[in-house]
Amino acid sequence: MLQKVKTLDKDLVDYALDYARSKKVEYAETRAHSTQHDELVIKNGVLDAFVSTIDTGFCVRILANGGLGFASTNKWTKEEAKTVVDTAYKFTTIARRKDKITFAEEKGVETKWSVEQKKKIEDIPPEKKIEELMEVDKTFASQEIKIPGRIMACTINLTEKYFVNSEGSAISSFVPNIETFAFITVAENGKPEQAYKQFGRSGGWEAFDEWKMTEAMLHEAKVLQKLVKEGKVVKPGKMDLVCGTEVTGIASHESCGHPIEADRILGREMSQAGRSFIYPGGPFWIGTRIGNDIVTIVDDPTVKNSHGYYEYDDEGIKARRRYLYKNGIINEFLQNRETAAKLDTRSNGSSRANSYAREAIVRMANTFLLPGDWTEEEVIEDVKHGIYMKSFTEWNIDDRRFNQRYVGREAYLIENGELKHPVARPIIETTTKNWWSSVDAISKEVGFDAATCGKGDPMQGIPVYAGGPVIRLKEVYVK
Amino acid sequence: MSEVLAKTEAIVKKGKALGADEVLAKTVFGRHRQTRFSNNQIDIAVAWNNYVTDVALTWNKRLVATQIRNFQNTDKIMEQLFKLAKVSKENPMYGGIAKGTFNYLKPTADKKLQELEDPAEYVFEAIEAAKKEAGVEVNTGGILYAKYEDVYLASSEGPTGQDARSAIELSIRAFSQIDASGHGVECCSSLRDFKPFRAGEKAGKIARLAKNPKQGEEGKFNVIFDPLFFGSMLGTWGTMASAYSVMIQLSVFVKKLGQKVASDMVTLRDNPAEYSVSNRVFDAEGFPIQENVFIDHGVLKTYLHNTSTAKIFKTKTTGNAGLVQPIPWNIEMDSGDISREELFGEVKRGLYLTNTWYTRFQNYATGDFSTIPRDGIFLIENGEIKQSWKDLRLSDNALRLLSQITGMSKERQHVHWWLEAEPPSLSPYVLAKDIQMTRPK
């Protein structure tokens, strides 16, 4: 990891804010990020490249003249800071809006927060990082399984931020985050099957001890091998579908987290990430039933060491757990200050940006279904005929977040409460309402999977957890 | 020599002086402007400026890379990078970077895009065009994006040069009802050719035709793909043609060189030409860009290479080097010899799909995938749009789709939007037979 020559220049960030406040602004903020970034790519057993960078820059966002202007730079000079502020201020006049943009009220906050590391990443030499990653690759690839292609990429970000605004906020933060992505192809008799797995968390190098990546990837390779050898297709029809935590997580993310984003509900993302089945004047709104009353899905940035962890969002709002669907009812939208003002409410700290060069927009953090009181065995033992879809491969959802499809990666037939042979790529293609209304059993244990959520233009990939317990969908169509 | 190129060369010299085998440095001064709009009003105007030098360095077949911002702390960063190379691991497959000196085409970037500060008029022009087609109550949203980049490249292996790259793109989505929408894009490398009303007009027209959609039917259909939809697929095949994708099995083209992979009518090429929003005169190694036909009348002719992957595959680079891996720039599909109207006339009963998103694969090696059509989905009968449908998914196979193509229009459009049609492409309207559509139950 490259060492910083100097730390983030807070004086220049303060200077930019002061200069912005000298103009006729309703609101101004300056947000600086400095990220030490390492990326190691191991392709088919060899280290393809080791990329190590430090990216430091700042942005200015100004609300004035009823419009929003944003400008950023990675040039740290007073002259550039003035140029950036002037540009952002000038850009507030471009909109010429009929209805003026406003922000929901907030008080300024002065604080510092950070994520602790048990094993400091800064103390891990590059050769150790390479060695640990290559050991994982070597171990799972040296088994009696034919793996014609594999790639593993490890990304480490140590991000220091400094946020100040015209309401008196001054927030410093530091988040170390590690993420590893692995993709493998297993072939038997010329027939390939593929799997990917993403690991991620905030914290230190102890992540490698917790993930047990070798075992996880070896498990994936064995599942694929067995699938090629023994997998049978399912006879299409209505049956019970038991979903593993990975499948519960993706469904929570896609068909609860995304449609509940207030900017999407208000149409601000309409041409890219799309809208929502929830919209003003539509059949679904806060208070509308969307699922069985045992379904409660939350988004919670405060889960310690999670991939989507933060204490204050990128508008300086304190993070808290949000109850999105509560007892099967649409309960709360994810808000930033702009959407909250439009909907006459308060921000719930959902504004995130993946870089100083990007506007903070409404995002999820860690979205998961809350646990029930069944054991995993009890969820399965009541099923006469069904499928256990433990993990998924292909998935997608329409841009209203209503019509979705998940294809099983590791899946088994269930007969009379017992797991039988592997099932090759079972598919559920259904609606959000049908999915959450069909849940009739929820296990006690919540599992999380790391993911990179995509939204914004330019695309802002942002770390999140998607998770939940094992669930059972009663009498759904599987093909 | 410009001052920036001299500084870029100094980075290369520093790396060599430290003992590196090869050093490559590419400085980009980028000026980006974006205007985002929704509900027929501008939400925010955005500017971001980048001053970045990408540096790749090799030592004993160990490849390491970094970025230097605004030439700050260059010596210190290069020393750290070289130390990193020394503790890194050898890549026995590494085959070097482009060697020699090359003549490049003259960059044709539009200087007007360097000066563009208030592009709101283009947004309003597109919104008004959509309103003309779909009525004043139409709800539109989208982005206008403009960039101008000065690029300076220096390599210890010989290539050196300057490029300037410009682009302007407008993407507009129009909603005539909550479940009836159309999408149009206008993508150009210069302001001269940029006509934002065309995107608005198309979005508005599709939105009008898409009103009162009925639940779509499952089954196999002959499908006409709009360039916006097919551009997304061209991007997928272009990415799969990268030798890097092939090496890690993220491709349907593994071990298929010289084999039939598509209908005879299909010729695909990668070409970051002057008109394209990904226009350039050299790749990341300083190798001159070229037009590469990778599928010729249905036969897979080549993968897309950088110098290193070319060596592994015992061929020559195709000028597709990114910093670490080969990447496609702009995928062109050769046009057909009939008009769009004549192509529609070939469909007795089928579908016209205007756009898609969320393309995901079960298996990249076999090509099984699905994608979700969005915006107008139309039932065609006897060449005419008969009805607007909704809630369908295309669930088929990427190789099979290539083999089912039976016609293309003369007209082609340069398309690019978000990550859904990436890399940019030049696509005709395309007719493919017996494509599987599914729906939620």
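The structure displayed is predicted, hence computed values, not measured ones.

Student: Explanation requested: the overall build of chain A in the structure shown.
Tutor: A count of helices and strands for chain A gives ten helices and 24 strands. At 24 Å, chain A has a C-alpha radius of gyration in line with the 23 Å of a compact globule built from 479 residues. In terms of overall dimensions, chain A has a C-alpha envelope of 70 × 55 × 35 Å along the principal axes. Looking at chain A as a whole, 58% of its 479 residues qualify as buried. Sequence-distant contacts, at least 24 apart, represent 75% of the contacts inside chain A between residues at least 6 apart.

Student: What exactly am I supposed to notice about the overall build of chain B here?
Tutor: Helix and strand counts for chain B come out as ten helices and 20 strands. Against the 2.2 N^0.38 benchmark of 22 Å for 441 residues, chain B shows a C-alpha radius of gyration of 23 Å, consistent with a compact globule. Principal-axis analysis of the C-alpha atoms places the extent of chain B at approximately 70 × 50 × 40 Å. Across the 441 residues that make up chain B, the buried fraction comes to 61%.

Student: Would you mind going over the environment of B:Arg269 with me for this structure?
Tutor: All names here are of chain B. Here Arg 269 lies in strand E9 (residues 268-270). For Arg 269, a count of 20 C-beta atoms within 10 Å gives the class buried. Each C-alpha atom of the pair Arg 269 and Val 415 lies 15 Å from the other, and the pair is 146 residues apart in sequence. Aside from chain neighbours lying at most four places away, what touches Arg 269 is Glu 291, Asn 292, Val 293, Phe 294 and Glu 332.

Student: So what exactly am I meant to see when it comes to the nonpolar core here?
Tutor: For soluble globular proteins, nonpolar side chains are generally found buried alongside one another. Among the nonpolar cores identified, the biggest contains 274 residues, and A:Val60, A:Leu241 and B:Ile224 are the most heavily contacted of them. When neighbours within four sequence positions are excluded, B:Ile224 is seen to be in contact with B:Leu343, B:Phe344, B:Val347, B:Gly350, B:Tyr352, B:Ile380, B:Tyr429 and B:Leu431.

Student: Would you explain the interface of chain A and chain B in this entry?
Tutor: Buried accessible area, meaning the area lost when the parts come together, often serves as the stated size of an interface. Counting from both sides, the interface comprises 69 residues of chain A and, opposite them, 66 residues of chain B. Of the residues forming the side of chain A that touches chain B, the biggest block, ten residues, is contributed by strand E2 (residues 46-64) of chain A. Taken together, the residues of the side of chain A that touches chain B sort by class into 27 nonpolar, 23 polar and 19 charged. Relative to strand E2 (residues 41-59) of chain B, strand E3 (residues 67-73) of chain A is paired through four bridges, and the arrangement is parallel. Opposite A:Phe70, over in E2(B), you have B:Val46 as the bridge partner.

Student: Sorry, what's going on with the pairing of strand E22 (residues 447-453) of chain A here?
Tutor: Both faces of the sheet carry side chains from a regular strand, because those side chains alternate between them. Residues and elements named next belong to chain A. For E22, a buried count of five out of seven residues is recorded, marking the element as mostly surrounded by other parts of the structure. Bridge analysis of E22 against strand E23 (residues 462-468) gives seven bridges, and the strand direction is antiparallel. Bridging from a neighbouring strand, Gly 447 pairs with Gly 468 of E23.

Student: Quick question: what am I supposed to make of the domain arrangement of chain A here?
Tutor: Residue and element names in this part refer to chain A. Here chain A is described as being made up of domain 1 (10-230) and domain 2 (237-478). Elements that contribute at least two residues to the side of domain 1 that touches domain 2 include exactly strand E1 (27-43), E2, E3, strand E4 (110-114), strand E5 (149-165), strand E6 (170-188), strand E7 (191-202) and helix H5 (213-230). Take the side of domain 1 that touches domain 2: its biggest share by element is six residues, from E7. Across the side of domain 1 that touches domain 2, the residue classes tally to 16 nonpolar, 13 polar and seven charged.

Student: Can you walk me through the sheet that holds strand E11 (residues 329-330) of chain A in this structure?
Tutor: Strand pairing in a sheet relies on backbone hydrogen bonds, with the paired strands running either antiparallel or parallel. Residues and elements named next belong to chain A. The sheet built from six strands is open, its strands ordered E11-E10-E9-E14-E23-E22 with mixed pairing. At either margin of the open sheet sits one strand with a lone partner, and together these are E11 and E22. In this sheet, E23 lies alongside strand E14 (residues 366-369) in parallel orientation, the contact comprising three bridges. Note that in E23 the partner of Thr 367 across the bridge is Ala 466. In the packing of helix H6 (residues 245-257) onto the sheet, contacts are made with strand E9 (297-299), strand E10 (322-326), E14, E22 and E23, and the angle to E23 comes to roughly 120°.

Student: Would you mind showing me how to read helix H3 (residues 126-141) of chain A here?
Tutor: Every α-helix winds through 3.6 residues per turn, so residues three or four apart in the chain are directed the same way. The end-to-end C-alpha distance of H3(A), which contains 16 residues, comes to 22 Å, matching closely the 22 Å that a straight helix rising 1.5 Å per residue would cover. Contacts from the buried residues of H3(A) go to E1, E2, E5 and H5 of chain A together with helix H2 (74-87) of chain B.

Student: Please explain the domain arrangement of chain B as it appears in this structure.
Tutor: Residues and elements named next belong to chain B. We note that the domain assignment places domain 1 (3-209) and domain 2 (214-438) within chain B. Contact with domain 1, which involves 36 residues of that partner, is made by 34 residues of domain 2. Of all the elements in the fold, those that place two or more residues in the side of domain 1 that touches domain 2 are strand E1 (22-38), E2, strand E4 (139-155), strand E5 (160-177), strand E6 (180-188) and helix H5 (196-209). Among the elements that line the side of domain 1 that touches domain 2, the one with the most residues is E5, at seven residues.

Student: Honestly, the packing of helix H4 (residues 120-134) of chain B against H5(B) in this entry has me stumped. Any pointers?
Tutor: Angle between the axes and distance between the axes: these two values describe a pair of packed helices. All names here are of chain B. For the pair H4 and H5, interaxial distance at closest approach is 7 Å and the crossing angle is 30°. The angle between H4 and H5 falls in the class roughly parallel. H5 is crossed by H4, and the crossing has right-handed handedness. Contact residues: H4 offers Tyr 122, Glu 125, Ala 126, Ile 127, Glu 128, Ala 129, Ala 130, Lys 131, Lys 132, Glu 133 and Ala 134, while H5 offers Pro 196, Phe 197, Ala 199, Gly 200, Glu 201, Ala 203, Gly 204, Lys 205, Ala 207 and Arg 208. Of the residues belonging to the contact of H4 with H5, the class tally is eleven nonpolar, two polar and eight charged.

Student: It is not clear to me how the packing of helix H1 (residues 10-21) of chain A against helix H2 (residues 78-91) of chain A should be interpreted in this structure. Could you clarify?
Tutor: All names here are of chain A. Where H1 contacts H2, the axes come no closer than 9 Å and their chain directions differ by 40°. Classed by the angle they form, the pair H1 and H2 counts as oblique. The two elements H1 and H2 cross, and the hand of that crossing is right-handed. Across from Leu 12, Tyr 15, Ala 16, Tyr 19 and Ala 20 in H1, the residues of H2 making contact are Lys 78, Ala 81, Lys 82, Val 84, Val 85 and Tyr 89. A class-by-class count of the residues in the contact of H1 with H2 yields nine nonpolar, no polar and two charged.

So, how was this worked out
Residues numbered from 1 in each chain as written. Chains lettered and ligands numbered in written order. Predicted model: local features only at pLDDT ≥ 70, side-chain atom pairs only at ≥ 80, totals over all residues. Helix = DSSP H or I, 4+ residues; strand = E, 2+ residues; numbered from the N terminus. Rg over C-alpha atoms; globule rule 2.2 N^0.38 Å. Buried ≥ 20, exposed ≤ 12 C-beta atoms within 10 Å, placed from the backbone. Contact = placed C-beta atoms within 7 Å. Core = buried A, V, L, I, M, F, W, Y, C linked by C-beta atoms within 7 Å. Nonpolar A, V, L, I, M, F, W, Y, C, P; charged D, E, K, R; others polar. Pairing = 2+ DSSP bridges. Domains from an automatic or database assignment. Axes fitted to C-alpha atoms, helices over the stretch in contact; angles between N-to-C directions. Expected span 1.5 Å × (residues − 1). Parallel < 35°, antiparallel > 145°, perpendicular 65-115°, else oblique. Left-handed = near helix turned anticlockwise from the far one by under 90°.

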